[in-house]
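Listed below are the residues making up each chain.
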Amino acid sequence: MDKVHGITLDIAPSEAFLPPADLAALAPRVSAVAADLAAGRGPGSEYLGWLDLPATISGQHLDSLEAAGVQAQSDCEVCVVIGIGGSYLGARAVLDALGGSAAGAPEIVFAGTGLCTASLRRALAAVKGRDFRLVVISKSGTTLEPAVSFRILRGLLQERYGEEGAAARIDAVTDASRGALRQLADQSGWRTWIIPDDVGGRFSVLTPVGLLPLAMAGVDIRGLVVGAADMREVCLTDDMRANPAHLYAATRFGLYERGFHTEVLATFHSGLATIGEWWKQLYGESEGKEGKGIFPASTVYTTDLHSLGQYVQDGRRNLLETFLVVREDEPAIKVPKDPGGGEGLDGLDYLVGQRLDAINWKAYEGTLEAHGEGGVPCLSLQLDCVTAGAIGGLISLFEKGVAVGGRLLDVNPFDQPGVEAYKRAMFRLLGKPGA
Ligand code: PA5
């Protein structure tokens, strides 16, 4: 399999649980599903806009996003991004993976990600005494959580900058014509960015939903898009062994059919923890329906080896584990000589001069070995290092992987009817008119 932006997928550790011949037998089904996706057939095919997105984003569009980024960098210290689910997780995941805002770019603070008072208080505290702007993101334009936070933060923005000044500091990312946010934005003269109709929330990170906040944070959005486009290209091949998205989808589906119903995405890189959060939404919302689907969980090792490690090693044997690991972290930190005079009483002298990332890699290899022996089928997604291109590639791989995986399960991977149930009950309890 060709490496794309330093990404490789190794499924060998799962072969003891899913023999290569059984995996190969899934190839014709994977091919049929991929052909349907490419031809725009099958359930949810009105939401396939993300498939070609990385290859079709224009230079002009990226220019306008970057220009908005430069403007934000010149007029604010904090940019509050308001959205929930697919309307914030992608931007946050990429930003965390790449180490946060670039030097000189505003701090990005996320709000509207729930209804928790403490969380909104943190956003309010972050803008206290600092220049700020708002990016409000909602595809439907009617979601309660971001709408409530936006109302509060918009009030504050208006108090600070006056009505006109505030209007110049709001970007709305929403549907081209529908929803309350679109109406409000048009009436108020805010700058707007369109979420294409054929791209669902959890697949929208490469639309302005993800790219606008990332541009404001000074992230290399071009590199991200190039990485996604290059991975998309590789994931067009019909040769399952050479196609990481198809291979990932087939392997986890084969394991699901053998009773492995929970997948742990385990990273050894704390910056990738939020990729785990984004991945959980992508996979949980796409596959978890009609009584089917793998439950997606995520961990950060070695931290969680000291909490969840016991369960993964020894608990109920329905887990599969996908490691998301990074070979090199730059700039490196090495284990120094004993600062206490060289006696080495802490027992670490055998590690002197070794890089922390190399030690972390051995921890990964040890965990892979132990969990495999403990009855957990493991896969491994390896990044040479964390770059915008690698993260773009990962996004593309996971998106195609879930589309194929959902179709193998025979569900519509692009809807989320179950999300409405809590809303109906909540709105009734809140006394919303008509609920
Ligand atoms: O994937 C999805 O569609 C959802 O998670 C949505 O992104 C989330 O509910 C937010 O919806 P909206 O962007 O309409 O406010």
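This structure is a prediction, so every number in the text was calculated from the model and none was measured. (Residues numbered from 1 in each chain as written. Predicted model: local features only at pLDDT ≥ 70, side-chain atom pairs only at ≥ 80, totals over all residues. Heavy atoms only, no water.)

Asks: Is there a simple way to explain helix H11 (residues 244-257) in this structure?
Replies: For an α-helix the count is 3.6 residues per turn, leaving residues at separations of three or four pointing the same way. An ideal rise of 1.5 Å per residue puts 20 Å on 14 residues; H11 measures up with 20 Å between its terminal C-alpha atoms. For H11, the tally of buried residues reaches 13 of 14 residues, placing the bulk of the element in the interior. For H11, the N-terminal cap is Asn243; the gap from its side-chain oxygen to the backbone nitrogen of Ala245 is 3.1 Å. Gly259 sits one or two positions beyond H11 and adopts a positive phi of about 95°. (Helix = DSSP H or I, 4+ residues; strand = E, 2+ residues; numbered from the N terminus. Expected span 1.5 Å × (residues − 1). Buried < 20%, exposed > 50% of the residue type's maximum accessible area, 1.4 Å probe, protein only. Polar contact = N/O pair within 3.5 Å; in protein donor to acceptor, adjacent residues only side chain to side chain.)

Asks: Help me understand the domain arrangement of the protein, please; the structure alone is not making it clear to me.
Replies: Accessible area lost during the coming together of the parts is what is often quoted as the interface size. Per the domain assignment, the segments making up the protein are domain 1 (7-44 + 225-340 + 348-408) and domain 2 (53-222). Domain 1 puts 23 residues into the contact, and the matching count from domain 2 is 22 residues. Together domain 1 and domain 2 conceal approximately 1900 Å² of surface at their shared face, both sides included; 69% is due to carbon and sulfur atoms. The largest contributions to the domain 1 side of the interface with domain 2 come from Val225, Thr274 and Gln281, which together make up 30% of the buried area. For the pair domain 1 and domain 2, the interface holds one salt bridge. Among the salt bridges present, the one from Arg202 reaches Glu285, with a minimum N-O distance of 2.9 Å. For the pair domain 1 and domain 2, the number of links is eight residue pairs in polar contact (both at pLDDT 80 or more). Broken down by secondary-structure element, the contributors of at least two residues to the side of domain 1 that touches domain 2 are helix H10 (221-234), helix H12 (273-287) and helix H15 (388-408). With eight residues, the top contributor of residues to the side of domain 1 that touches domain 2 is H12. Partitioned by chemical class, the residues of the side of domain 1 that touches domain 2 number 13 nonpolar, five polar and five charged. (Domains from an automatic or database assignment. Contact = heavy atoms within 4.5 Å. Buried area = accessible area lost by both parts, 1.4 Å probe. Salt bridge = Lys/Arg side-chain N within 4 Å of Asp/Glu carboxyl O. Nonpolar A, V, L, I, M, F, W, Y, C, P; charged D, E, K, R; others polar.)

Asks: Explain the pattern of salt bridges to me, please; I cannot follow it from the model alone.
Replies: Opposite charge on two side chains permits pairing when their charged atoms draw close. Evaluated as defined, the whole model comprises 23 salt bridges. Note that Arg222 is salt-bridged to Glu66, the shortest N-O span being 2.9 Å. Placement of Arg222 in helix H10 and of Glu66 in helix H4 (residues 59-75) is noted, with a sequence separation of 156 residues between them. The class of Arg222 is partly exposed, set by a relative accessible area of 30%. Assessed through its relative accessible area of 30%, Glu66 is described here as partly exposed. In this structure, Asp75 and Arg133 form a salt bridge, with 2.9 Å as the shortest nitrogen-oxygen distance. Here Arg133 lies in strand S4 (residues 132-138) and Asp75 lies in helix H4, a separation of 58 residues in the sequence.

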